[in-house]
Amino acid sequence: MQHETALALARQVGEIAAAHAAEGEANSSLHPDVVDAMIETGLFKLLRPKLFGGYEANPWTYVEVVREIGRYDPAAAWVYSVVEIHEWWLSYANPALQEEIWGVERPGLLVDAIAPVGRAERVDGGWKVTGRWKFLSGIDWAEWVAVDALAEFRPGGPPEPALFVLKKDQVRVERDWNVVGMRGTASNSVTVEDAVVPEHRVLPLMPVAKGGVPFNPKLEDRPLYRTQFVPMLATAIYAPALGGTQRAIELYRDWVEQRIRPYALGAREKEAPAAPLTLAEASVLFDAVHALSYHYCWELQRRGEARQSQDDPVFRARCFAQRAWMSRTCATIVERLFLASGGSALYADHPLQKIWRDIHAAAQHVAVIYEDGLASLGQVLLGGTGHPLL
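As the structure is a prediction and not an experimental result, all values here were calculated from the model. (Residues numbered from 1 in each chain as written. Predicted model: local features only at pLDDT ≥ 70, side-chain atom pairs only at ≥ 80, totals over all residues. Heavy atoms only, no water.)

Brief notes about the overall build of the protein
Next, step 1: What the protein contains, in helices and strands, is 13 helices and nine strands.
Next, step 2: In terms of overall size, the protein behaves like a compact globule, its C-alpha atoms giving a radius of gyration of 21 Å where 390 residues would be expected to give roughly 21 Å.
Next, step 3: If one aligns the C-alpha atoms of the protein with their principal axes, the spans along those axes are about 80 × 45 × 35 Å.
Next, step 4: Across the 390 residues in the protein, those meeting the buried criterion constitute 55%.
Next, step 5: Looking at the protein alone, contacts between residues at least 24 apart form 73% of all its contacts between residues at least 6 apart.
Next, step 6: Carbon and sulfur atoms form 54% of the exposed surface of the protein, whose accessible area is close to 16,600 Å².
Next, step 7: In the protein, which carries 39 positive and 48 negative side-chain charges, the distance between the mean positions of the two groups comes to 3 Å. (Helix = DSSP H or I, 4+ residues; strand = E, 2+ residues; numbered from the N terminus. Rg over C-alpha atoms; globule rule 2.2 N^0.38 Å. Buried < 20%, exposed > 50% of the residue type's maximum accessible area, 1.4 Å probe, protein only. Contact = heavy atoms within 4.5 Å. Areas by Shrake-Rupley, 256 points an atom, 1.4 Å probe, with all protein chains shown as cover. Lys, Arg positive; Asp, Glu negative; His and termini not counted. Charge placed at Lys NZ, Arg CZ, Asp CG, Glu CD.)

A closer look at the environment of Met182
Next, step 1: Relative to the helices and strands, Met182 is located in the loop between β5 (172-174) and β6 (188-197).
Next, step 2: Taking the C-alpha atoms as reference points, Met182 and Gln246, separated by 64 residues in sequence, lie 17 Å from one another.
Next, step 3: In contact with Met182, not counting residues within four places along its chain, are Pro74, Ala75, Trp78, Trp177, Asp358, Ala361 and Ala362.

Considerations on the sheet that holds β5
Next, step 1: Pairing in this open sheet of seven strands is mixed, and the strands run β5-β6-β2-β1-β3-β4-β7 from one edge to the other. Of all the strands in the sheet, just β5 and β7 (202-204) have a single pairing partner and so form its edges. The mean angle between the axes of side-by-side strands here comes to 25°, regardless of whether they run parallel or antiparallel. (Pairing = 2+ DSSP bridges. Axes fitted to C-alpha atoms, helices over the stretch in contact; angles between N-to-C directions.)

Let's talk about the nonpolar core
Soluble globular proteins tend to pack their nonpolar side chains together in the buried interior.
Next, step 1: Membership of the largest hydrophobic core comes to 122 residues, with the highest contact counts inside it found for Tyr62, Tyr80, Trp88, Trp89 and Phe164.
Next, step 2: The element that contributes the greatest number of residues to this core is helix α9 (residues 235-258), accounting for 12 residues.
Next, step 3: When near neighbours in sequence (up to four residues on either side) are disregarded, Trp89 contacts Leu110, Asp112, Ala146, Leu163, Val165, Leu203, Phe229 and Leu233. (Core = buried A, V, L, I, M, F, W, Y, C linked by side-chain atoms within 4.5 Å.)

Some remarks on the pattern of salt bridges
Next, step 1: In this structure the tally under the stated criterion is 27 salt bridges.
Next, step 2: A salt bridge links Asp312 to Arg303; the nearest nitrogen and oxygen atoms lie 3.3 Å apart.
Next, step 3: On the accessibility criterion, Arg303 (12% relative accessible area) is buried.
Next, step 4: With a closest N to O distance of 2.8 Å, Asp311 and Arg316 form a salt bridge. Side by side, Asp311 and Arg316 carry an identical accessibility label, which is buried.
Next, step 5: Look at the salt bridges and you will find they share partners, linking Arg11, Glu64, Arg67, Glu68, Arg71, Arg247 and Glu250 into a network. (Salt bridge = Lys/Arg side-chain N within 4 Å of Asp/Glu carboxyl O.)

Focus: unusual backbone geometry
Note: most residues except glycine have negative phi, and most peptide bonds are trans.
Next, step 1: Phi at Asp194 takes a positive value of approximately 55°, unusual for a residue other than glycine.
Next, step 2: Here Asp194 shows up in strand β6.
Next, step 3: For Arg307, which is not a glycine, the phi torsion comes out positive at approximately 55°.
Next, step 4: With respect to the secondary-structure elements, Arg307 resides in the loop between α10 (274-305) and α11 (313-339).

What to know about the packing of aromatic side chains
Next, step 1: If you walk through the whole model with that rule in mind, you get 14 aromatic pairs.
Next, step 2: Look at Phe52 and Trp102: their rings are 5.1 Å apart centre to centre, the planes differ by 45°, and that puts the pair in the tilted class. With Phe52 in the loop between α3 (32-40) and α4 (59-70) and Trp102 in helix α6 (residues 95-102), this pair connects stretches of sequence that are 50 residues apart.
Next, step 3: Taking relative accessible area as the criterion, Phe52 reaches 12% and is therefore assigned buried.
Next, step 4: For Trp102, a relative accessible area of 4% corresponds to the buried category.
Next, step 5: Ring centres of Phe338 and Trp356 lie 4.1 Å apart, and the angle between their planes is 5°; on these two criteria the pair is classed as stacked. (Phe/Tyr/Trp six-rings, centres within 6.5 Å; stacked < 30°, edge-to-face > 60°.)

Observations concerning the pairing of β6
Next, step 1: Of all 10 residues in β6, seven are buried, a share of seventy percent or more.
Next, step 2: Where strand β2 (residues 126-136) meets β6, seven bridges bridge the pair, whose relative direction is antiparallel. Pairing of Val129 across the sheet is with Ala195, part of β6.
Next, step 3: Summarising the sheet, β5 and β6 pair through three bridges and their orientation is antiparallel. Across the sheet, Arg172 pairs through a bridge with Thr191, a residue of β6.

With respect to the packing of helix α1 (residues 3-19) against α4
Next, step 1: Axis separation between α1 and α4 bottoms out at 8 Å; the angle between their running directions is 25°. When the axes of α1 and α4 are compared, the pair comes out roughly parallel. Regarding α1 and α4, the two cross each other, and that crossing is right-handed. Listed contacts from α4 to His3, Ala6, Leu7, Ala10, Arg11 and Val13 of α1 are Trp60, Thr61, Glu64, Val65, Glu68 and Ile69.
Next, step 2: Taken together, the residues of the contact of α1 with α4 sort by class into seven nonpolar, two polar and three charged. (Parallel < 35°, antiparallel > 145°, perpendicular 65-115°, else oblique. Left-handed = near helix turned anticlockwise from the far one by under 90°. Nonpolar A, V, L, I, M, F, W, Y, C, P; charged D, E, K, R; others polar.)

Section: the pairing of strand β3 (residues 142-151)
Working note: regular strand, side chains alternate between the two faces of the sheet.
Next, step 1: Of all 10 residues making up β3, eight are buried, and the element is well covered by its neighbours.
Next, step 2: Judged from the seven bridges that link them, strand β1 (residues 109-123) and β3 form a sheet pairing that is parallel. Bridging from a neighbouring strand, Asp112 pairs with Ala146 of β3.
Next, step 3: Pairing of β3 with strand β4 (residues 160-167) involves eight bridges; the strand directions are antiparallel. Within β4, the position partnered with Asp148 by the bridge is Leu163.

Structure below.
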């Protein structure tokens, strides 16, 4: 799929998402038409291997599709972003699992919980998994659920994190997604009690996080699946904020152009010194974020083409800091615009208010925490050790 074609399809999805955004807010779940549009346009195949009927697009096209959907509804962009990145990490899994999920006429969606808070023990027929996980964005539309649990793969060895892929009927969904932002993402919790997972549905995370080589030999030489694993995985987390921030700037510009200042004897807002400065500052900051996103994505592509998948802690730390800076800067831009938009922005039906909540919610994710990301890079620059995983 060509880049411009993908963006045009993203706009189609975005228009449907915008039309149903209020319902998504009220129900803590996107309207089904939004997810259906993501499926019918083929955008959920963007990062899937060509071997399994996907488009195997580059990281920049993927991030830009997320950004474009986010201009219409950041919550819809989040659902698309995190569900689609699962199509990417599934490319590293056992070929038998890939066939099981992708080798059907209409592959079901896969969601995950990446925090290693569960436990798994080896039993006859595979692994027995137990635990409770939060933040499973998109769970309402999934057929497959991956949960992260610690398992002992070598007798006497240390527990290691792995993703255990279950059928949805093996988990109990707890509808507890009552939050301030990203309400439409349906990021509910799940509980798993002694579910048996066969061996082929297990993805040990340390080998792929550190080595970056798919278990399927037919995908070993594909650039998209030979880049740095964690930095690519985490593109899903910073990307949704881009479009919402862009839309906030557009909304503020339109408001400034139209507003008459009643307490300034009918003066026009755009003639006051503060509003043009605020708009220009927001625009330039977003330009910087967008340019850094471009650099981030094409560096991932370059490393994939060079098969530089072995974990590079310095590069990983720099990517963590860049993601954190982009996410924080987006939140800062939206915060500045919200504060400059007057009392009308306080109303629940004001579009800037929803963006304000969504972008701040996105910045809470562990993969983009500003203090952690910048501190990790700072330690590395001073000859120390950065974050062990992010």
